[in-house]
Amino acid sequence: MKFLAITLIVHRPDPVTGVRKSTHDRFREVLDNALLAEELGFDGFGVGERHERPFISSSPTVVLSHVAALTKRIRLFTAVTTLSLLDPVRAYEDYATLDHLSEGRLDLIIGKGNGAAQRDLFHVTPEDQWDRNAESYEVFRKIWRQDKVTADTRFRPPLTDAEVWPRPYQQPVRVWHGSATSKESVDLAARYGDPLFSANVTNPMEPYAELIRHYRERWEFYGHDPADIAVGAGTAGIYVAPTSQEALAAYRPIFESNLAFFKKAGLPVVFETLEDFVERSSALIGSPQQVIDKVHRYYEQFGHTVVHLHADASGLTESQHRASLELFQSEVAPVLRREIPDPPFAWGPVLPASPLTQESVRV
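Residues numbered from 1 in each chain as written. Predicted model: local features only at pLDDT ≥ 70, side-chain atom pairs only at ≥ 80, totals over all residues. Heavy atoms only, no water.

- Per an unreviewed UniProt entry, the chain goes by the name LLM class flavin-dependent oxidoreductase and belongs to Streptomyces sp. 900105245.

The following block contains the structure:
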């Protein structure tokens, strides 16, 4: 099993102290968390893309380029690239450049994105967002694989023998499809034989498990080998402590503050108590053994081989956050790495075969 640390770069007051960092300090925190993730042995670091409050993650390529310059090993993920809002040509140029600068450490998680404000900002409607997402991905995918592209498009000017530069480093980049509640994203992933990443954050397990089952059905419908399926899944929060009592005590003020925020903002409340949140959500809050058991419980339903955790402290103190991630990496991750398989592909850069390898294949 592989582990990612992911941030959406939420920029609102700390749920416990009420203090909101400056924009500059919040970005510095993201970079510090990326360095911490690499130091502790995480397999990937992801940055979201949102174009509305309270997020400041509107330029993930810029942030990830800086992370690439500061790190050497960790893979870089987008979480998610909102292709329904973007020109696929421009998106390709940005991500191909980032892929070169990072020495092929880039993975993309794509999706249509959420939020009415960002749809309005880009003049995207609920009626056309899925068509835009599919068309943008199809064009993006062609550009990454073909030196010249022709595409009869609806949502941007058509392309005729178009050349887009720079040409890619990874051939091709791995693209995951982010899925929250819709079958459209699941079907798109299955159609192209791409891995799926379930949001798995807001609701209990069941609706996400149902979508993953649908993905597996559609994967076989499109003629792909079931052995090649890869699924990732998110988590709703993390705090690993030596005992469950310590974990609950530290996380309770965070949960209660977030609950009050949801109610005040008129957002739906799924989990009314911390105990229910720990039991029925995907949050990994408890002792190391409790966290191991919970990941296994989700694995039985999802069959996932990648998990993302919160890169941000999100109300914990810096020392609590670091201690939690250290405990996860020292006592939780080694067990899960042994007991749950990795994705069915190499984790490193997707590079063209060497001349020697190509010759061996011909023989």
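Additional details are given in the paragraphs that follow.
**Focus: empty space enclosed by the protein**
Then step 1. All chains considered together, the criterion is met by two cavities of 30 Å³ or more.
Then step 2. Within this model, the largest cavity holds a volume of roughly 70 Å³.
Then step 3. Lining of the largest cavity is provided by Asn200, Ala233, Gly234, Thr235, Ser282, Leu284, Lys294, Val295, Tyr298, His304 and Val307.
Then step 4. When residues in the lining of the largest cavity are grouped by element, the largest group, three residues, is from helix α10 (residues 288–302).
Then step 5. Its residues assigned to classes, the lining of the largest cavity shows five nonpolar, five polar and one charged.
Then step 6. One number sums up the size of the second largest cavity: a volume of about 30 Å³.
Then step 7. In terms of lining residues, the second largest cavity is bounded by Tyr137, Phe140, Arg141, Trp144, Arg145, Pro172, Val173 and Val175.
Then step 8. Here the lining of the second largest cavity is composed, by residue class, of six nonpolar, no polar and two charged. (1 Å grid on protein atoms, 1.4 Å probe; cavity = no way out; pocket = protein on both sides within 12 Å on 5 of 7 lines; lining within 4 Å. Points joined across faces, edges and corners; volume = space filled by probe spheres on them. Helix = DSSP H or I, 4+ residues; strand = E, 2+ residues; numbered from the N terminus. Nonpolar A, V, L, I, M, F, W, Y, C, P; charged D, E, K, R; others polar.)

**Points about the pattern of salt bridges**
Then step 1. Under the definition given, this model contains 24 salt bridges.
Then step 2. One salt bridge connects Arg132 with Asp128, and the closest N-O pair in it is separated by 3.2 Å.
Then step 3. You can call Arg132 buried: its relative accessible area is 17%.
Then step 4. Of the residues examined, Asp128 reaches a relative accessible area of 14% and is grouped as buried. (Salt bridge = Lys/Arg side-chain N within 4 Å of Asp/Glu carboxyl O. Buried < 20%, exposed > 50% of the residue type's maximum accessible area, 1.4 Å probe, protein only.)

**Observations regarding helix α11 (residues 318–339)**
Then step 1. For α11, with 22 residues, the first-to-last C-alpha span of 30 Å sits near the 32 Å given by 1.5 Å per residue.
Then step 2. Remark: the principal bend of α11, roughly 40 degrees, maps to Val332, with a proline, Pro334, within the next four residues.
Then step 3. Where α11 is concerned, the buried positions are His321, Ser324, Leu325, Leu327, Phe328, Gln329, Val332, Ala333, Val335 and Leu336. (Expected span 1.5 Å × (residues − 1). Bend = angle between axes of the 7 residues up to and from the residue.)

**A short note on the environment of Gln171**
Then step 1. On the secondary structure map, Gln171 appears in the loop between β7 (159–162) and β8 (174–179).
Then step 2. With relative accessibility at 43%, the residue Gln171 sits in the partly exposed group.
Then step 3. Beyond its immediate sequence surroundings of up to four residues, Gln171 is in contact with Val350 and Pro352. (Contact = heavy atoms within 4.5 Å.)

**Considering the packing of aromatic side chains**
Geometrically, a pair of aromatic rings is defined through the distance of the ring centres and the angle of the planes.
Then step 1. Applying the stated criterion across every chain, the model contains 16 aromatic pairs.
Then step 2. Ring geometry for Trp176 and Phe197: centres 5.6 Å apart, planes at 65 degrees, overall edge-to-face. On the criterion of sequence distance, the pair formed by Trp176 in strand β8 and Phe197 in strand β9 (residues 196–198) is long-range, its members being 21 residues apart.
Then step 3. Residue Trp176 is classed as buried on the basis of its relative accessible area of 0%.
Then step 4. Ring geometry for Tyr251 versus Phe277: centroids 6.3 Å apart, planes at 15 degrees, classification stacked. Of this pair, Tyr251 sits in helix α8 (residues 244–265) while Phe277 sits in helix α9 (residues 274–280); the two residues are 26 residues apart in sequence, bridging distant segments of the chain. (Phe/Tyr/Trp six-rings, centres within 6.5 Å; stacked < 30°, edge-to-face > 60°.)

**Re the packing of helix α3 (residues 88–101) against helix α5 (residues 129–145)**
The description of two helices packed together rests on the angle between their axes and the distance between the axes.
Then step 1. Direction vectors running N to C along α3 and α5 enclose 45 degrees, while the axes themselves pass 9 Å from each other. Taken together, the axes of α3 and α5 lie oblique to each other. Helix-helix and strand crossings are classified by hand; for α3 and α5 the assignment is right-handed. Note on element contacts: α5 touches α3 through Ser136, Val139, Phe140, Ile143 and Trp144, opposite Pro88, Val89, Ala91, Tyr92, Tyr95, Ala96 and Asp99.
Then step 2. Class assignment for the residues of the contact of α3 with α5 results in 10 nonpolar, one polar and one charged. (Axes fitted to C-alpha atoms, helices over the stretch in contact; angles between N-to-C directions. Parallel < 35°, antiparallel > 145°, perpendicular 65-115°, else oblique. Left-handed = near helix turned anticlockwise from the far one by under 90°.)

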